[in-house]
Amino acid sequence: MTYRAKRRIVRISLFVLLFVIPFLKINGNPVLRFDIKEMSIYVLGVSLTPSHIFPAVLIIFACLFFFIFATQLFGRLWCGWLCPQTNWLEMASDISFTISKKDSKAVVKVKKGFNIFMKLVVSVLFTVVLALYFVVPQDLISIWHIIAIVALILFLEITFVGRLFCKTVCPYSNFQSVMYDADTMRVALLPDRADACINCKACVRVCPTGLDIREGLSNKCVLCASCVDACTEIMAKLGKKTCVDYMFGRQRLNLFTPNKIITFILAVLFLLAGLISF
């Protein structure tokens, strides 16, 4: 199975989960909702009040440090597999027509029109699902104007910004260089397969951020592994293994470096402090 197929499974699973969560309840309360009407926040069926602000902040810090720890281990795997930006872009791509050079002008116009319409559908769908985390389903109509504005913003972002956001203004992309170390997982040209590279540039053509992965680590890489699929397909025709794949920096998983140990300890301490102070 290709990484693209695996990402599609993850993407569909995430969307189903995001849609289902607003309807789940524990002891009659939502599993997760930032209820605007009641001015309250529900987490795992517990209603958070102003007295819970301090422990909530501690737990948020714990989540932040766990996120940093995961990045130190697995790099920008979040970007390529779990990020909403990636998922709604690829969902729009999944249901869009591919435009070929052989298509007539009329066919190209129809395909472009359909693709733009599909991006609008994805934008509205994501916005409605997001709104369910703030209001109960029966109140969606009352905030239709907010849904329309957010959907329009999302549509414009998908249509005119897309991966440019990942390459330029994404804060996670800009901070990742601080969180990476010599052992962090990345997609790279495998050292023991470098000599087998035939310079077909298939990996460059399919990269959503226009990166040449053979040039080394870059904060433009979102670890989507599109280049791995392309290289695997080309090299399979030659009866050889892929030259590009996921790998840890020194080709091994190393949990016991000072930065990872400190980050993990801080995450655990913040989590314990938050739970104790509830």
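For the structure, check the block above.
Criteria and cut-off values
- Residues numbered from 1 in each chain as written.
- Predicted model: local features only at pLDDT ≥ 70, side-chain atom pairs only at ≥ 80, totals over all residues.
- Heavy atoms only, no water.
- Helix = DSSP H or I, 4+ residues; strand = E, 2+ residues; numbered from the N terminus.
- Buried < 20%, exposed > 50% of the residue type's maximum accessible area, 1.4 Å probe, protein only.
- Contact = heavy atoms within 4.5 Å.
- Areas by Shrake-Rupley, 256 points an atom, 1.4 Å probe, with all protein chains shown as cover.
- Lys, Arg positive; Asp, Glu negative; His and termini not counted.
- Charge placed at Lys NZ, Arg CZ, Asp CG, Glu CD.
- Axes fitted to C-alpha atoms, helices over the stretch in contact; angles between N-to-C directions.
- Parallel < 35°, antiparallel > 145°, perpendicular 65-115°, else oblique.
- Left-handed = near helix turned anticlockwise from the far one by under 90°.
- Nonpolar A, V, L, I, M, F, W, Y, C, P; charged D, E, K, R; others polar.
- Pairing = 2+ DSSP bridges.
- Core = buried A, V, L, I, M, F, W, Y, C linked by side-chain atoms within 4.5 Å.
- Salt bridge = Lys/Arg side-chain N within 4 Å of Asp/Glu carboxyl O.

S.K.: Would you take a moment to explain the overall build of the chain for this structure?
M.R.: What the chain contains, in helices and strands, is 11 helices and 7 strands. For the chain, the C-alpha atoms occupy an extent of roughly 60 × 60 × 30 Å along the three principal directions. Every one of the 278 residues in the chain was classed for burial, and the buried ones make up 40%. Contacts in the chain between residues at least 24 apart in sequence constitute 72% of all its contacts with a sequence separation of at least 6. Surface summary for the chain: the accessible area is close to 16300 Å², and the carbon and sulfur share equals 72%. Of the charged side chains in the chain, 30 are positive and 16 negative; the average position of the first set lies 6 Å away from that of the second.

S.K.: Teacher, can you tell me more about the packing of helix 5 (residues 105–131) against helix 6 (residues 144–160) here?
M.R.: Each pair of packed helices can be described by the angle between their axes along with the distance between the axes. It is at 8 Å that the axes of helix 5 and helix 6 come closest, and there the two elements cross at 135 degrees. Comparing the axis directions of helix 5 and helix 6 gives the class oblique. Note that helix 5 runs across helix 6; the crossing there is right-handed. On the side of helix 5, the interface is formed by Ile116, Lys119, Leu120, Val122, Ser123, Val124, Phe126, Thr127, Val128 and Ala131, while helix 6 contributes Ile147, Val150, Ala151, Leu154, Phe155, Ile158 and Thr159. Classifying every residue of the contact of helix 5 with helix 6 by side-chain character gives 13 nonpolar, 3 polar and 1 charged.

S.K.: I keep staring at the packing of helix 2 (residues 53–74) against helix 11 (residues 258–277) and nothing clicks. Help me out?
M.R.: At a minimum axis distance of 8 Å, the contact between helix 2 and helix 11 shows a crossing angle of 160 degrees. With respect to their mutual orientation, helix 2 and helix 11 come out roughly antiparallel. As for how helix 2 packs across helix 11, the hand of that crossing is left-handed.

S.K.: When you look at the sheet that holds strand 3 (residues 32–35) in this model, what are you seeing that I'm missing?
M.R.: Think of a sheet as strands paired side by side through backbone hydrogen bonds, with each pair either parallel or antiparallel. Across the sheet, 3 strands lie side by side as 3-4-5; this open sheet has antiparallel pairing. Both outer strands of the open sheet, strand 3 and strand 5 (46–48), are each paired with one neighbouring strand and no more. Recorded for the sheet is a direction-independent mean angle of 20 degrees between the axes of neighbouring strands. As paired strands, strand 3 and strand 4 (residues 40–43) are joined by 4 bridges and run antiparallel to one another. In the sheet register, aspartate 35 faces strand 4, and the bridge partner there is serine 40.

S.K.: In this structure, what is going on with the pairing of strand 4? I would like to understand it.
M.R.: Looking down a regular strand, the side chains alternate between one sheet face and the other. On strand 4, burial follows the alternation: Ser40 and Tyr42 on one face are buried, whereas Ile41 and Val43 on the facing-out side are not. By the bridge criterion, 3 bridges tie strand 4 to strand 5 in an arrangement that is antiparallel. Along strand 5, the bridge assignment pairs tyrosine 42 with serine 47. Where strand 4 hands over to strand 5, the hairpin turn is made up of 2 residues, of which leucine 44 adopts a positive phi near 55 degrees.

S.K.: Explanation requested: the environment of asparagine 27 in the structure shown.
M.R.: Tracing the chain through its elements places asparagine 27 in the loop between strand 1 (25–26) and strand 2 (29–30). For asparagine 27, a relative accessible area of 77% corresponds to the exposed category. Considering only alpha carbons, one finds asparagine 27 and glycine 45, 18 residues apart in sequence, at a separation of 6.5 Å.

S.K.: Looking at this model, I keep getting lost on the nonpolar core. Mind explaining?
M.R.: One broad trend across soluble globular proteins is that nonpolar side chains are buried collectively. Ranked by internal contacts, the top residues of the largest apolar core, which has 20 residues, are Val187, Ile213, Leu223, Cys227, Val244 and Tyr246. Looking at this core, the element that brings in the most residues is helix 10 (residues 226–237), giving 4 residues. Among residues more than four places away in sequence, those in contact with leucine 223 are Phe74, Gly75, Arg76, Leu77, Gly80, Trp81, Tyr180, Met185, Arg186, Val187 and Tyr246. Residues Leu89, Met91, Val122 and Leu154 belong to the second largest nonpolar core, which totals 12 residues.

S.K.: Help me understand the pattern of salt bridges in this model?
M.R.: Considering all chains together, one arrives at 5 salt bridges under this definition. Between glutamate 90 and arginine 11 there is a salt bridge; the shortest N-O distance is 2.6 Å. With glutamate 90 in helix 4 (residues 84–94) and arginine 11 in helix 1 (residues 3–20), this residue pair connects regions lying 79 residues apart in the sequence. We note a salt bridge from lysine 260 to aspartate 181, for which the minimum N-O separation is 2.7 Å. Placement of the pair is lysine 260 in helix 11 and aspartate 181 in the loop between helix 8 (171–179) and strand 6 (185–189), with a sequence separation of 79 residues. Accessibility expressed as a relative area gives 18% for aspartate 181, which makes it buried. Overlapping salt bridges bring together Arg7, Arg11, Glu90 and Arg163 as one network.

Geometric values such as these leave the question of function open.
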